[in-house]
Amino acid sequence: MATHEQTSPLDVEALRAEFPVLERRVGGDVTSPGEGEDDDQPLVYLDNAATSQTPRAVVESMSDYYYSYNANVHRGIHHLSQEASVAYEEAHDRVAEFIGAEGREEIVFVKNATEAENLVAYAWGLSELGPGDKVVLTQMEHHASLVTWQQIAKQTGAEVEYLRVTEDGYLDMDHAREAIDESTEMVSFVHVSNALGTINPAAELADLAHEVGAYVFVDGAQSVPTRPLDVGEIDCDFLAFSGHKMCGPTGIGVLYGKEAILEEMDPYLYGGEMIRSVDYEDSTWEELPWKFEAGTPPIAEAVGLHAACDYLDDIGLERVQDHEEMLAGYAYDRLTEFDDVTVYGPPGDDRGALVGFNLDGVHAHDLSSICNDYAVAIRAGDHCTQPLHDTLGAAASARASFYLYNTREEVDALVEAVDDARQLFA
Amino acid sequence: MATHEQTSPLDVEALRAEFPVLERRVGGDVTSPGEGEDDDQPLVYLDNAATSQTPRAVVESMSDYYYSYNANVHRGIHHLSQEASVAYEEAHDRVAEFIGAEGREEIVFVKNATEAENLVAYAWGLSELGPGDKVVLTQMEHHASLVTWQQIAKQTGAEVEYLRVTEDGYLDMDHAREAIDESTEMVSFVHVSNALGTINPAAELADLAHEVGAYVFVDGAQSVPTRPLDVGEIDCDFLAFSGHKMCGPTGIGVLYGKEAILEEMDPYLYGGEMIRSVDYEDSTWEELPWKFEAGTPPIAEAVGLHAACDYLDDIGLERVQDHEEMLAGYAYDRLTEFDDVTVYGPPGDDRGALVGFNLDGVHAHDLSSICNDYAVAIRAGDHCTQPLHDTLGAAASARASFYLYNTREEVDALVEAVDDARQLFA
Amino acid sequence: MGMGSDMYRQQILDHYRNPRNYGELPDPTFSHAGENPSCGDEIRVDVTLNDDGVIERVSFTGDGCAISQAAASMLTSELVGLTVDELDALDRDDVLDLLGVDVTPMRVKCAVLAEKVAQDGARVHRGEAAVDRTTTE
Amino acid sequence: MGMGSDMYRQQILDHYRNPRNYGELPDPTFSHAGENPSCGDEIRVDVTLNDDGVIERVSFTGDGCAISQAAASMLTSELVGLTVDELDALDRDDVLDLLGVDVTPMRVKCAVLAEKVAQDGARVHRGEAAVDRTTTE
Ligand SMILES: Cc1ncc(COP(=O)(O)O)c(C=O)c1O
Ligand SMILES: Cc1ncc(COP(=O)(O)O)c(C=O)c1O
């Protein structure tokens, strides 16, 4: 049954020591969490697709920023501002390197992946889309891209077409070949689905889009943290991801865009740091990437994201991927042993680091509550893919998602909790 | 000459101990800063209007978040997510309390004050403004509001009128009474000018605006950190400010808006957490304030901002204000002793916590470089008020800005450095 | 069975599996529906009042998590005989008492859905409110 | 005078106070202007070439910080006799050497402004580029 690796290429015990929160013990009794209660069970954190935990090196890089060179960036002549500016600019270089971009001109720091989608939808979509134009999405889009393009399309009169998902959780590539036509201006798709675990063929979709002259926006929120990714290989025009899902801090996300395209785009947020010159009548804009970074940017967060890139590259993204896929495959196998459990998405040996599932007759929120009684942290809901869940015929699903510090024993704890729920509700 | 208090209500030495960066020593030689050089002079940080330093309590609140309850918020059922959600929501309550708002519905977390301006300009301005409508700004606006309203006005065909600044740095209230007329839809003004130090009569301007049915947007980036402020007393409709200028972290800013007005406004960023329900055709929106907070929000930063509010309220904003105004007045008096120094803005006993100035024949950047040789960190440039600088007839100015941890001795160090520059360039 | 079953005590599971007062009333004085979007819970309550404004019959239909459905079942079992004012005076602690367990903060919205729906329905009926659909988020 | 004067050594201050080659040439082969927005520095360079493409005369006008104006004064003093190719081959270290002091990262843009303006001017003149105004940011 299990066709995937059983062993991990990572020294997980050593890695776990870098994440103080993994030593957390939480109350076995869900009904009165927190203070005053015995926190008696070791946390099993399986909600990594929502947010990853943060290693010491990342947190300390930010404390170090605040404690030794905190200053506003750009144009400051004094020492601290110079140090902060260099650190802030180098964070762009580091992220560019991390995803194989040409340089800092292609890296815009935003607040999260969602803002990256909106930036392009506003700055490019509002002016370029119109009646007769088509935006192609997938049925498995996250609301970050689905709602954004849907609403911008509504405002501009453009049409949205959703690529179908097959019974077994793959993108229907026949539909893709048909739908991506001459009227298509933008193809925006999730690289690794945060609900199904599906890994979409990014380069192939990019080819289809480029053949008809459309732009390609890759939602890398789940892929950048979990596998080696090179924007040149995919040949995407835009890529969005978030710091907090890749061992980095909250409050920062990244928009990658090809320089020539970003160059053509008008800015979207206005203010300080993004202007070249201003008078009372009009303004001109700064060079890339600053043109898109209005106001004081997330400086400490950029320092933290730099540290997160270092941290992940030191481990090696291939090994992170192997480890996670081993866990996802194992969880898939164990959960599908239960007749009354439905696991969504592709087979266990062909999926990203997560497993979305439902237990017959038990609402996913109840299942999540019961897992929490075992200190097993999973997410339940529609995972910001409400339309996809409608097509799955499920209002909600439970989702366990894995990262580099998770273990097979933690998967076992999940399975035990699910089994308890089965018996409780039987 | 000095008409203001000479003594501080604060125990500054005790406060300074909370800010590790203030123990920083920086190279006396500006030409090769950083590593490998003797860092031999104690930092004199007088660039607080650009960003304030961050006390231990704030940094530690964020480390504590990452090390013990980091999780994505909203709808998570597991322990960590519950703790993070409660902390995130309570940060809204705390900020509401800090500025006298009614409740969390009125507090939207954004990435900085600049985004708060843009949010309203997009979500309200784009749909409500049109030809024949007027937006009233001031000549001393920061680019955050100036460029934003200018560009949104351009897009909508609305007109912008700038309230004049008088010779002595005050807003021309006669002009205000004349300019704010029936065609006016929005009056947006800086509360404390980051270039002149002028304290604008916010409540009076709000009255003028409301008499003609216009909305009032107060740029509180410099006022919220430095003095007690109550949105009810001003009766403003919107208020913007940034965490990083008030002892808080980078990566977070606040938009306050009256609930009834925010309720009427459409969202501006789309994505997860801000929707009520989504299908492939259309979407509906969450309650306030979440409707305006798309994607994973700045969670650690919200925790840090909460701690910053606690920190400032523990000291007392009246005392912070008295302390800073004492320093600004002292700096004003000392600098105006030099015949060849021009200090901009109102007199020393009627200004916010900063002094903008120029030395005859010396470019502000050279002046700032020389101050840096003394480890005195000041800012030089147009301080994101380029049009104002044009009216001042200065391409740039030097600016020393003070906060609760600064001392009279630090003002003396500034004056000594300025005097050195005078002699060097004489 | 594991240690984690407090929130799902037998009584709650029993009401979830065998909901009391489930169904629609033939001729209700008022009906009202609502949802808790966080769990996707839905509840509709039908109420018949007598001439004195006392609740005579109550039923509910719905779909959702165990907490929301059990709470509806338990609450509707308590409403007959109350006046509309008494219904209005109920608060979330009354429902939590009925459930007999501590409910975690994120799940309180599930617990109070039926109560809010019934109260909003009564308010709409009396013309005191114009709530189209109740929501507990 | 304080300890902090390295970047403003007497030579630089001298060139700032008494700029060499300041003014406009009557009949330049090419003129080009540019700015360093970070300090608001502005420099315009006039150049006359002889028939062999060798720089015969150079002048500049401008406004801005001491570093930018002194660098323009020093650089223009070195250009006469160079070919356009030699001008093109200059890099930022050549200017920094001329200045004779280490310039902090944020001020390098000031230092290299005149050099970039002269180089862009030559490139435009030779039809190799279409830079309207040079900027060092
Ligand atoms: C008066 C004023 N408004 C707005 C801003 C913009 O703040 P931020 O850069 O944090 O968005 C600033 C700070 O630079 C300011 O001083
Ligand atoms: C596939 C996908 N896209 C986009 C997002 C949005 O990321 P963020 O909430 O950080 O903006 C997420 C995370 O929730 C995601 O999983």
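Relevant structure appears above.
Residues numbered from 1 in each chain as written. Chains lettered and ligands numbered in written order. Predicted model: local features only at pLDDT ≥ 70, side-chain atom pairs only at ≥ 80, totals over all residues. Heavy atoms only, no water.

Draft legend 1. Representation of the environment of Ser-68 of chain A in the model. Inspection of the secondary structure puts Ser-68 of chain A in helix 2 (residues 56–69). Taking relative accessible area as the criterion, Ser-68 of chain A reaches 18% and is therefore assigned buried. Leave out the neighbours within four places in its chain, and Ser-68 of chain A touches Leu-80 of chain A together with Val-21 and Arg-24 of chain B. A polar atom in the side chain of Ser-68 of chain A sits 2.6 Å from the backbone oxygen of Asp-64 of chain A. (Helix = DSSP H or I, 4+ residues; strand = E, 2+ residues; numbered from the N terminus. Buried < 20%, exposed > 50% of the residue type's maximum accessible area, 1.4 Å probe, protein only. Contact = heavy atoms within 4.5 Å. Polar contact = N/O pair within 3.5 Å; in protein donor to acceptor, adjacent residues only side chain to side chain.)

Draft legend 2. Examining the sheet that holds strand 13 (residues 341–343) of chain A more closely. Residue and element names in this part refer to chain A. Strand order across the open sheet formed by four strands is 13-14-17-16, with antiparallel pairing between neighbours. Of all strands in the sheet, those with a lone pairing partner are strand 13 and strand 16 (379–381), marking the two edges. Each strand of the sheet is rotated relative to its neighbour by a mean of 30°, with strand direction disregarded. Across three bridges, strand 13 lies against strand 14 (residues 354–359) in antiparallel orientation. Considered in strand 14, the bridge of Thr-342 is made with Asn-358. Running at roughly 15° to strand 14, helix 11 (residues 317–336) makes contact with strand 13 and strand 14 of the sheet. Each of strand 14, strand 16 and strand 17 (397–401) touches helix 12 (residues 364–373); the most contacted strand, strand 16, lies at about 165° to it. (Pairing = 2+ DSSP bridges. Axes fitted to C-alpha atoms, helices over the stretch in contact; angles between N-to-C directions.)

Draft legend 3. Structural view of the site of ligand 2. The immediate surroundings of ligand 2 are formed by 15 residues, with Thr-114, Asp-219, Ser-242 and Lys-245 of chain A together with Thr-296 of chain B found nearest. One finds residues of chains A and B in close proximity to ligand 2. One nitrogen or oxygen atom from the main chain of Ala-113 of chain A is found 3.3 Å from an oxygen atom belonging to ligand 2. A distance of 2.7 Å separates an oxygen atom of ligand 2 from a polar side-chain atom of His-244 of chain A. Taking 390 Å² as the accessible area of ligand 2 by itself, protein coverage stands at 95%. Considering only residue class, the shell around ligand 2 consists of four nonpolar, nine polar and two charged. (Near = heavy atom within 4 Å. Areas by Shrake-Rupley, 256 points an atom, 1.4 Å probe, with all protein chains shown as cover. Nonpolar A, V, L, I, M, F, W, Y, C, P; charged D, E, K, R; others polar.)

Draft legend 4. A look at the relation of the copies chain B and chain A. Laying chain B over chain A is done by rotating through 180° and shifting 0.0 Å along the axis; what remains is an RMSD of 0.0 Å. Such a turn and shift between the copies fits a two-fold axis. Scanning chain B for the C-alpha nearest the rotation axis identifies Gly-251 of chain B, at a separation of 2.7 Å. Looking at the interface residues of chain B, 100% of them are also at the interface in chain A, so both copies use one shared face. (Least-squares fit on C-alpha atoms with pLDDT ≥ 70 in both.)

Treat this as a map of the structure, not an account of what it does.
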